[in-house]
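Residues per chain are reported as follows:
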Amino acid sequence: MQKNVSWVKAHAGNIGNENADQLAKDATQHGQPYSLTKLPKPHRKGLLRKSMLEEWQTLWKNGDTGRNIYNIMPLVSLRPTNCIREAVIFFNQHGPS
C-alpha cells in the first residue's frame, strides 16, 4: 500500500485537511495531545493494531516459554503460517504421548 503526501490549500473543504487543522489548533491552544476519538475509525484501528503487535512482539521476544518455537518463528503475525501441525507439536513438545 503506497501512501502519498501532498500539499492542500488551507480551508479548501477537504475533510481530512479540516480535521488535521482542528487537531493542530487543539494541540497548540490547549496543549493536549490529539484524541484518538477524533481520528477516522480505520486510522484508529491501524494505530491500535500496530501498538498491539509491538507489545505482542516484545512479550514473545522477552518471554521464557515457547523458546523452541521462538527459534523457528521469532516474529509474531496476524497472518496464518504454513506450519504443519505435527511439526509444531514436535517442536513445542506438546501433544499426544
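Keep in mind that this is a model prediction, so the values were computed, not measured. Note on numbering: residues in each chain are counted from 1, in written sequence order. Since the coordinates come from a predicted model, pLDDT governs what is reported: local features require at least 70, and pairs of side-chain atoms require 80 or more to be given and counted, while whole-chain, interface and lining totals use all residues. Only hydrogens and water are removed before side-chain values are computed, so all heavy atoms of the structure are retained for them.

*Asks:* Can you lay out the environment of K61 for me, pointing to particular residues and giving the numbers?
*Replies:* Secondary structure elements are defined from DSSP: runs of H or I of at least 4 residues count as helices, runs of E of at least 2 residues count as strands, and each element is numbered from the N terminus. In this structure, K61 sits in helix α2 (residues 41–62). Separated by 14 residues in sequence, K61 and L75 have C-alpha atoms that sit 8.3 Å apart. Here, two residues are considered to be in contact whenever any of their heavy atoms come within 4.5 Å of each other. Beyond its immediate chain neighbours, meaning those up to four positions away, K61 contacts R67 and Y70.

*Asks:* Tell me what's going on with a nonpolar patch on the surface, and back it up with residues and numbers.
*Replies:* Each patch groups residues whose relative accessible area exceeds 30% and which form no salt bridge, using 9 Å between like charges and 5 Å between nonpolar side chains of Val, Leu, Ile, Met, Phe, Trp and Tyr. Only the protein chains shown count as cover for residues, and all accessible areas are computed by the Shrake-Rupley method using a 1.4 Å probe. Definition used for salt bridges: Asp or Glu carboxyl oxygen within 4 Å of a side-chain nitrogen of Lys or Arg. Taken together, the side chains of M52, W56 and L78 present a nonpolar region at the surface, about 280 Å² in accessible area. Examined against the element boundaries, W56 turns out to sit in helix α2. Overall, W56 belongs to the partly exposed group, its relative accessible area being 37%. Working definition: with a 1.4 Å probe on protein chains only, accessible area under 20% of the residue-type maximum means buried, over 50% means exposed, and in between means partly exposed.

*Asks:* Can you explain the confidence of the model for the protein chain? Please cite residues and give values.
*Replies:* Confidence in the prediction of the protein chain, expressed as mean pLDDT, is 79, and 77% of residues score 70 or more. At the level of individual helices and strands, the protein chain shows its lowest average pLDDT in helix α4 (residues 85–91), which scores 75, and its highest in α2, which scores 92. Confidence of the predictor at the level of single residues is given by pLDDT, which spans 0 to 100.

*Asks:* Lay out the packing of aromatic side chains with the relevant residues and their values.
*Replies:* Each Phe, Tyr or Trp ring (for Trp, its six-membered ring) is paired with any other whose centre lies within 6.5 Å, and the angle between the two planes then decides the class: stacked below 30 degrees, edge-to-face above 60, tilted in between. The tally for this structure, following the rule as stated, stands at 1 aromatic pair. Aromatic pair W60 and Y70: ring centres 5.6 Å apart, planes at 70°, arrangement edge-to-face. In this pair, W60 is assigned in helix α2 and Y70 in helix α3 (residues 67–72), connecting sequence segments 10 residues apart. Taken as a pair, W60 and Y70 share a single burial class, namely buried. Think of it as a cone above the ring: NZ of Lys or CZ of Arg counts as a charge over the ring if it is within 6 Å of the ring centre and within 35 degrees of the ring normal. Sitting over the ring of W60, R67 keeps its end group 5.0 Å from the ring centre.

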